[in-house]
Amino acid sequence: MKKLIPSYVRVPLIFAFVFGALEYFIDSGDRPAFIKFPMVGLFLVVFLFLLVAIEIVISAIDKVTYHMLTDAQRQQLKEAQSVSFTESKWIQGLMKSMTRSKAIEQEADVMLEHDYDGIKELDNVLPPWWVYLFYITIIFSIVYLVRFHVMGDYNQAQEFDQEVAAAKLEIEKNQLIAPKEEITLDKVTMLTDAESLAKGKEIFANACAACHKADGGGVVGPNLTDEYWINGGGIKNVFKLIAEGSKNNPTMVGWAKTLGTKEVQKVASYVMSLQGTKPAGAKAPEGEKWVEEAAPKTEAAPVADSTSVVQKQ
Ligand code: HEC
């Protein structure tokens with residue numbers, strides 16, 4: 001029989017297989033196993049070396065034996081090697097035993113007398129491969145019957161519940177590793193729930209009160225409780241200014257990096273909630289009076305995309 005796979009294919013193939021198996025079975029986190037564990041790398045090098053060595057030895061032995069053959073034996077070998085894989089005895093034998101088909105010359109033996117308008121029928125045996133499959137299904141059905149209907153192993157409803165539970169775990173895991181949602185300028189809305197405002201108040205007290213006073217009345221920074229704004233009022237302008245900082249005055253830095261946009265949204269909402277609180281000793285108004293222009297109208301008229309409403313700058 002011909003050699004199926006030449007050694008220059010066989011060696012890389014076996015090596016790739018072992019390499020892949022090692023990477024698959026060794027848990028090495030985000031780095032490949034052969035880098036994380038030097039022993040694995042060493043093993044692979046030795047393994048490759050051995051593979052090549054074995055191939056060299058085998059081909060050497062082949063050559064030596066060939067030289068020791070007589071001419072007649074060489075001829076035999078040549079003939080044996082010229083037989084292709086599908087013509088080999090082993091495959092032929094396997095095909096025969098699995099199909100038990102009759103050769104065309106012997107078809108007369110199994111010909112039935114049935115004749116339908118010239119279409120005739122052969123009485124072939126069922127091919128063994130088919131019969132074996134049939135036996136397997138019978139064995140399977142018995143095992144299945146005993147396991148699920150006699151012993152009462154889990155049923156479909158339980159299986160469903162298990163899979164749902166597993167899927168829920170998976171979802172939770174994904175949510176833990178998913179990046180936190182970012183709030184962008186066009187998505188930002190004013191939060192009104194007590195929890196967010198309380199968090200906003202806490203952030204304000206820690207990070208902003210030094211310049212704006214705890215009540216927002218203003219010290220270094222302007223009064224945040226009146227309707228007058230240097231950089232424009234409304235949740236979007238206030239969010240933008242807190243996130244990015246003021247272009248007019250570098251004292252007011254951007255907070256998006258330090259706090260994250262979600263927290264900026266909370267503190268911006270808290271700042272908005274201070275509107276009209278008129279704390280004692282507040283700074284005089286700075287900037288222009290802000291009139292929320294589109295707000296009442298947009299609420300009444302249904303707009304397909306509420307974020308497309310142009311804010312007064
Ligand atoms: C180091 C002092 C300082 C700190 C700390 C500070 N600010 Fe300011 N802030 C200012 C100054 C100064 C301005 C005025 C900027 C300008 O003129 O554009 C200002 C402006 C503002 C404005 C816009 C006011 C307007 O009229 O346009 C808002 C809103 C604001 N700050 C919110 C905050 C929040 C929220 C924090 C905390 C996360 C904070 N600031 C922290 C100094 C500060």
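Just so you know, these numbers come straight off a predicted model, no measurement behind them. (Residues numbered from 1 in each chain as written. Predicted model: local features only at pLDDT ≥ 70, side-chain atom pairs only at ≥ 80, totals over all residues.)

Asker: Looking at this structure, I do not really get the UniProt feature "domain: Cytochrome c" (unreviewed entry) in the chain. What am I missing?
Answerer: UniProt records the feature "domain: Cytochrome c" (unreviewed entry) for residues 195–275 in the present numbering. Helix makes up 57% of residues 195–275 and strand 2%, whereas the separation of the span's terminal C-alpha atoms amounts to 19 Å. (UniProt positions renumbered as here; feature names shortened; annotations may be inferred. Helix = DSSP H or I, 4+ residues; strand = E, 2+ residues; numbered from the N terminus.)

Asker: I'm lost on the nonpolar core in this one. Help?
Answerer: Where a protein is soluble and globular, its nonpolar side chains tend to be buried together. Ranked by internal contacts, the top residues of the largest apolar core, which has 18 residues, are Val-238, Phe-239, Ile-242, Val-264, Val-267, Ala-268 and Val-271. Contributing elements (two or more residues each) for this core: helix 9 (194–212), helix 10 (234–244) and helix 12 (261–273). Sequence-distant contacts of Phe-239, that is, excluding residues within four places in its chain, are made with Leu-185, Val-188, Val-264, Gln-265 and Ala-268. (Core = buried A, V, L, I, M, F, W, Y, C linked by C-beta atoms within 7 Å. Buried ≥ 20, exposed ≤ 12 C-beta atoms within 10 Å, placed from the backbone. Contact = placed C-beta atoms within 7 Å.)

Asker: Mind showing me how you'd approach the packing of helix 9 against helix 12 here?
Answerer: When two helices pack together, their arrangement is given by the angle between the helix axes and the distance between those axes. Interaxial distance between helix 9 and helix 12 falls to 7 Å at its minimum, and their mutual angle equals 90°. What the angle tells us is that helix 9 and helix 12 run roughly perpendicular. Where helix 9 abuts helix 12, its residues Ser-196, Leu-197, Lys-199, Gly-200, Lys-201, Ile-203 and Phe-204 lie against Glu-263, Lys-266, Val-267, Ser-269, Tyr-270 and Ser-273. Along the lines of polarity and charge, the residues of the contact of helix 9 with helix 12 split into five nonpolar, four polar and four charged. (Axes fitted to C-alpha atoms, helices over the stretch in contact; angles between N-to-C directions. Parallel < 35°, antiparallel > 145°, perpendicular 65-115°, else oblique. Nonpolar A, V, L, I, M, F, W, Y, C, P; charged D, E, K, R; others polar.)

Asker: Got a minute to help me understand the site of the ligand in this structure?
Answerer: Neighbouring the ligand are 25 residues, the closest being Cys-208, Cys-211, Gly-221, Ser-246 and Met-252. Contributions of two or more residues to the shell around the ligand are made by helix 9, helix 10 and helix 12. In terms of residue count, the dominant contributor to the shell around the ligand is helix 9 (six residues). Its residues placed into classes, the shell around the ligand shows 17 nonpolar, eight polar and no charged. (Near = placed C-beta within 6 Å.)

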